[in-house]
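Secondary and tertiary structure notes
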Amino acid sequence: MDAVGRLASLSGALVLSLSTAFASEQIGAVFHISINGLPKPYATPGVANPSRIISRPAGILPQVPPDFSVSIYASALTNPRWMAVAPNGDVFLAEPGA
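What comes next is a walk through the structure. Please read all numbers here as calculations on a predicted model, not as lab measurements.

**Section: the overall build of the protein**
- Regarding its fold elements, the protein presents one helix and two strands.
- Expressed as a percentage of its 98 residues, the buried residues of the protein come to 1%.
- Put simply, of all contacts in the protein between residues at least 6 apart along the chain, 0% involve residues at least 24 apart.
- Of the roughly 9,600 Å² of accessible surface on the protein, 62% is carried by carbon and sulfur atoms.

Okay, here's the thing in structure tokens:
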């Protein structure tokens, strides 16, 4: 076996041993799902998981690295969806529900 073949064989063995060592729910884990392994349509109950709006506690701002700062730029917005800053510094904000 030439050097390229040995390297390919070694890398394949390394991948196999790593996938065996970290068999489930690890970064890079491979899962094989077949259509026969899934439940039949409507065999399981539906789930509702809506989002919730949680108010920011008074006086609390996100923590940032040293030499950075955070401040409130705008508040009391109605469903803001898109923001852009123009080259001159103007801020445009789309509020479709306003």
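**Thoughts on unusual backbone geometry**
- Although it is not a glycine, D67 adopts a positive phi angle of roughly 75°.
- A positive phi angle is found at A76, which is not glycine, with a value near 55°.
- Note that A76 resides in the loop between α1 (3-21) and β1 (82-85).
- Its relative accessible area of 78% is what places A76 among the exposed residues.

**Observations concerning the environment of E95**
- Within the fold, E95 resides in the segment after β2 (91-94).
- Once you skip the residues sitting within four places of it in the chain, E95 turns out to touch L77, T78, N79 and P80.

**Points about the pairing of β1**
- The pairing of β1 with β2 spans four bridges and is antiparallel. Following the sheet pairing, V85 is matched in β2 by V91.
- Between β1 and β2, which pair antiparallel in sequence order, lie five residues; one of them, G89, sits at a positive phi of approximately 100°.

How each quantity is defined
Residues numbered from 1 in each chain as written. Predicted model: local features only at pLDDT ≥ 70, side-chain atom pairs only at ≥ 80, totals over all residues. Heavy atoms only, no water. Helix = DSSP H or I, 4+ residues; strand = E, 2+ residues; numbered from the N terminus. Buried < 20%, exposed > 50% of the residue type's maximum accessible area, 1.4 Å probe, protein only. Contact = heavy atoms within 4.5 Å. Areas by Shrake-Rupley, 256 points an atom, 1.4 Å probe, with all protein chains shown as cover. Pairing = 2+ DSSP bridges.

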